[in-house]
Amino acid sequence: MYIGYTSDLEQRLLSHNSLGKKGWTIKYRPWKLAYTEEHQTKKDAMRREKQLKSAKGREYIWEVVKEKFN
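All figures in this text were calculated on a predicted structure; none of them were measured in a lab.

(A) Representation of the overall build of the chain in the model. From N to C terminus, the chain includes four helices and zero strands. Taken along its principal axes, the extent of the C-alpha atoms in the chain is 30 × 30 × 20 Å. By residue count, 16% of the 70 residues in the chain fall in the buried class. Excluding contacts between residues fewer than 6 apart, the proportion of contacts in the chain whose partners are at least 24 apart in sequence is 46%. A total accessible area of about 5900 Å² is found for the chain, and carbon and sulfur atoms account for 52% of it.

Quick look at the structure:
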């Protein structure tokens, strides 16, 4: 599972799935998009990212992923 903020989702997926040459993200290729949210400001997006990275947030995301991919 990857949770992160980006202003360019297509570029982020390309980076994780093709462009990166080392690091954690290449170990788990291919990355599939399971859930997105849009926010009006970077501050709001960063706040939500922090929430989703909490224990309750990850629990919520796992439920979304199970529903989508099972």
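On we go from here.
(B) Just the side chain of His 16, in detail. The topology assignment puts His 16 in helix H1 (residues 9–19). What makes His 16 buried here is its relative accessible area of 9%. What His 16 contacts, discounting residues up to four positions off in sequence, is Tyr 2, Thr 25, Arg 29 and Trp 31.

(C) Spatial organisation of the pattern of salt bridges. Overall, the coordinates contain four salt bridges when judged by the stated rule. Of the charged contacts in the structure, one is a salt bridge between Glu 49 and Lys 53, with a shortest N-O distance of 2.7 Å. Accessibility expressed as a relative area gives 14% for Glu 49, which makes it buried.

(D) Broad picture of the environment of Trp 31. Within the secondary structure, Trp 31 is located in the loop between helix H2 (24–27) and helix H3 (42–52). Between the alpha carbons of Trp 31 and His 16 there is a distance of 7.0 Å; along the sequence they are 15 residues apart. There is a polar contact of 2.7 Å between the side chain of Trp 31 and the backbone oxygen of Thr 25.

(E) Structural detail: H3. Those residues of H3 not exposed but buried are Ala 45, Glu 49 and Leu 52. When H3 is viewed along its axis, its buried side chains cluster within an angular range of 65° and face the same direction. Opposite the packed face of H3, turned more than 90 degrees from it, sit the exposed residues Lys 43 and Lys 50. Of the surrounding elements, those touching the buried residues of H3 are helix H4 (55–69).

The rules behind the values
- Residues numbered from 1 in each chain as written.
- Predicted model: local features only at pLDDT ≥ 70, side-chain atom pairs only at ≥ 80, totals over all residues.
- Heavy atoms only, no water.
- Helix = DSSP H or I, 4+ residues; strand = E, 2+ residues; numbered from the N terminus.
- Buried < 20%, exposed > 50% of the residue type's maximum accessible area, 1.4 Å probe, protein only.
- Contact = heavy atoms within 4.5 Å.
- Areas by Shrake-Rupley, 256 points an atom, 1.4 Å probe, with all protein chains shown as cover.
- Salt bridge = Lys/Arg side-chain N within 4 Å of Asp/Glu carboxyl O.
- Polar contact = N/O pair within 3.5 Å; in protein donor to acceptor, adjacent residues only side chain to side chain.
- Arc of directions from axis to C-beta.

The values are spatial; any link to function lies outside them.
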